[in-house]
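Chain and residue survey
Given next are the chains, with one letter for each unit.
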Amino acid sequence: MKYATAIAALMLAACNAAPVAVAPEEVPTSPAVTEAAKTFATLSGEKPIIIAHRGASGLYPEHTILAYETAIAQGADFIEPDLVMTKDGVLITRHDPYLSDTTNVADHPEFADRKKKRTTPMGEMEDWWADDFTLAEIKTLKARQQFPARTMEFNDQLDIVTFDEIMDVALKAAAEGKTVGLHIEAKWPSYYASVGLDMVDPIISALKAKGIEEAGIPIFIQCFEPPFLEAFSKKSDLPTIQNMVGPPYNKMLGLEYDLETMPTTGVGAEKSFILNEDGTTTDFVDRAHARGLLVHVYTVRDDQPLKGYANAEAELNALIKAGADGIWVDYPETGVAVRDAN
Ligand code: G3P
Ligand code: CA
């Protein structure tokens, strides 16, 4: 599990956090279960949503059309584009602002001199950075699986895709009668703003240009940086999710999250906030629900169960029992199956 992006973003931004009242027009629920009886411990009583984390990223290189379309075919309620920006200001889907972990950029000799050291909140890092590339250059790269234990069979075949292209995937699904939501994460927005690449307006404009809301596609906007969500909420009524760095990293970084004053629609909680290593659960979800906050939980992975849990199914069942409103999963088929069996 990489916390680099989250940690970096929060270290840049946490000091500037200021509560702001948020009154979203509508909070999306699972498109498939609006008729559900109130038998779940979620805030609404409806089934929790299954969020395909970077698409069906356990099976295919993350943030690719194949990964997203597979997630939809497997019944995910939401797909999750992580967004970074190119030099020419285009929103693309990558988990990190650097490219070496999930693309074949290192095999492109024409980009060898783009490898640069940057001072980040985690220290100095040398890599290829998305905002040093135009979209046309990014489009010459191919995606790779970043987890060594997963199949490399699909490496170097699939394109790096734009936010527009991911929205087209959701629109196509909607046109075919299968509504899937967009759970959109802005990565490193304070960094991009510092180099003149604000992310708030491009995201809002892109959603409007594609007519996502008009198409009835549910949306959440998530980020680890409170100031980004505050700025976003001044320009949009879309529901916002404050992502939270999990224990023990939150304490190591001095990050405090106060559910009582959390100004967002909900929180994106690392699963260790809820799941104890002895198999019990905390009261985190109850406390968040008491404040009216949704709790979306990241990330359940079939191939990386948490200590104290036999497998992903056990984690999912524990999270559902605890009342999680949404769960990010790398293997949507598993998430949907367990959710629907509850
Ligand atoms: O966005 C929340 C969830 O996706 C976990 O964060 O680091 O995998 O984007 P990350
Ligand atoms: Ca994410």
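Scope of this entry: the structure provided in the associated data block. (Residues numbered from 1 in each chain as written. Chains lettered and ligands numbered in written order. Predicted model: local features only at pLDDT ≥ 70, side-chain atom pairs only at ≥ 80, totals over all residues. Heavy atoms only, no water.)

Considerations on the overall build of the chain
In plain terms, the rule: Strands here mean DSSP runs of E at least two residues long; helices mean DSSP runs of H or I at least four residues long; both are numbered from the N terminus. Exposed residues in this analysis have more than 50% of their type's maximum accessible area, buried residues have under 20%, and partly exposed residues fall in between, with area computed by a 1.4 Å probe over protein chains only. Contacts are assigned to residue pairs with any non-hydrogen atoms lying within 4.5 Å of each other. With residues, only the protein chains shown are counted as cover, and all accessible areas are computed by Shrake-Rupley using a 1.4 Å probe.
Tallying secondary structure elements over the chain gives 11 helices and 12 strands in all. Across the 342 residues of the chain, 57% fall into the buried class. Residue pairs in contact within the chain that sit at least 24 positions apart in sequence constitute 71% of those at least 6 positions apart. When the accessible surface of the chain is totalled, it reaches about 13,400 Å², and 51% of it is carbon and sulfur.

A look at the coordination of the calcium ion (ligand 2)
The condition that has to hold: Listed donor atoms are N, O and S within 2.8 Å of the metal (Na, K and Ca: 3.2 Å). As water is not included, a site may look incomplete. Square planar and octahedral assignments, for four and six donors respectively, both demand that opposite donors be over 155 degrees apart and that all other angles lie between 65 and 115; tetrahedral needs four donors with all angles between 85 and 135 degrees, and anything else is irregular.
Here the calcium ion (ligand 2) is held by the protein donor atoms E80 (OE), D82 (OD) and E185 (OE), which lie 2.1 to 2.4 Å from it. Geometry at the calcium ion (ligand 2) is irregular, judged from the 6 donor atoms that bind it and their angles of 57 to 159° at the metal. Going along the chain, you hit the donors of the calcium ion (ligand 2) in the pattern E-x1-D-x102-E. Considered together, E80 and D82 belong to a single accessibility category, that of buried residues.

Let's talk about helix α4 (residues 163-175)
One turn of an α-helix holds 3.6 residues; hence residues three or four places apart share an orientation. To be explicit about the condition: To estimate how far a helix should reach, multiply one less than its number of residues by 1.5 Å. The arc in question is formed by the directions pointing from the helix axis toward the C-beta atoms.
Helix length check: α4, at 13 residues, gives a terminal C-alpha distance of 18 Å against a target of 18 Å (1.5 Å per residue), a fit within 8%. Taken as a whole, α4 has its buried residues at F163, I166, M167, V169, A170 and A173. Looking straight down α4, one finds its buried side chains confined to an arc of 145°; they lie on one side. G177 sits one or two residues past α4 and shows a positive phi near 85°.

Quick look at the site of ligand 1
We apply this condition: Whether a residue is near a molecule or strand is decided by its heavy atoms; if any one of them lies within 4 Å of it, the residue is near. Think of a polar contact as two N or O atoms within 3.5 Å of one another; within protein, one of them needs to be a possible hydrogen donor and the other a possible acceptor, and neighboring residues in sequence only count if both atoms come from side chains.
Taken together, H53, R54, E80, D82, H95, E185, K187, Q222, F224, N243, Y298 and W328 make up the full set of residues adjacent to ligand 1. In this structure, H53 approaches ligand 1 through a side-chain N or O atom, which is 2.7 Å from an oxygen atom. Between ligand 1 and R54 there is a distance of 2.7 Å, counted from an oxygen atom to a side-chain nitrogen or oxygen. Protein chains bury 100% of the 280 Å² of accessible surface belonging to ligand 1 in isolation.

Focus on the side chain of R54
Within the secondary structure, R54 sits in the loop between β1 (49-53) and α2 (65-73). Residue class for R54 comes out buried when judged on its relative accessible area of 3%. A polar contact of 3.0 Å, which involves the side chain of R54, links it to the side chain of E62. When neighbours within four sequence positions are excluded, R54 is seen to be in contact with E62, H63, A67, Y68, E80, D82, H95, Q146 and R301.

Some remarks on helix α6 (residues 200-210)
V200, I203, I204, A206 and L207 are the residues of α6 that are buried. Along the axis of α6, the buried residues cluster in a sector spanning 160°; they form a single face. Facing away from the buried side of α6 by more than 90 degrees, the exposed set consists of K208 and A209. Looking at the buried side of α6, the elements it contacts are β3 (82-85), β4 (91-93), α4, β7 (181-186), β8 (219-223) and α7 (226-235). Just downstream of α6 lies G211, where phi reads positive at about 65°.

Side note on the nonpolar core
Taken as a class, soluble globular proteins show a tendency for nonpolar side chains to be buried jointly. This is how it is decided: By nonpolar core is meant a set of buried Ala, Val, Leu, Ile, Met, Phe, Trp, Tyr and Cys residues that side-chain atoms within 4.5 Å join together.
Among the nonpolar cores identified, the biggest contains 55 residues, and I203, L207, I221 and F228 are the most heavily contacted of them. When residues in this core are grouped by element, the largest group, 6 residues, is from α4. Beyond its immediate sequence surroundings of up to four residues, I221 is in contact with I184, I203, L207, F228, L229, F232, L238, P239, T240 and I241. Core analysis: the second largest hydrophobic core is formed by 42 residues, A269, F273, L306 and A322 among them.

So, to be careful, I would describe these as geometric facts and stop short of saying anything about function.
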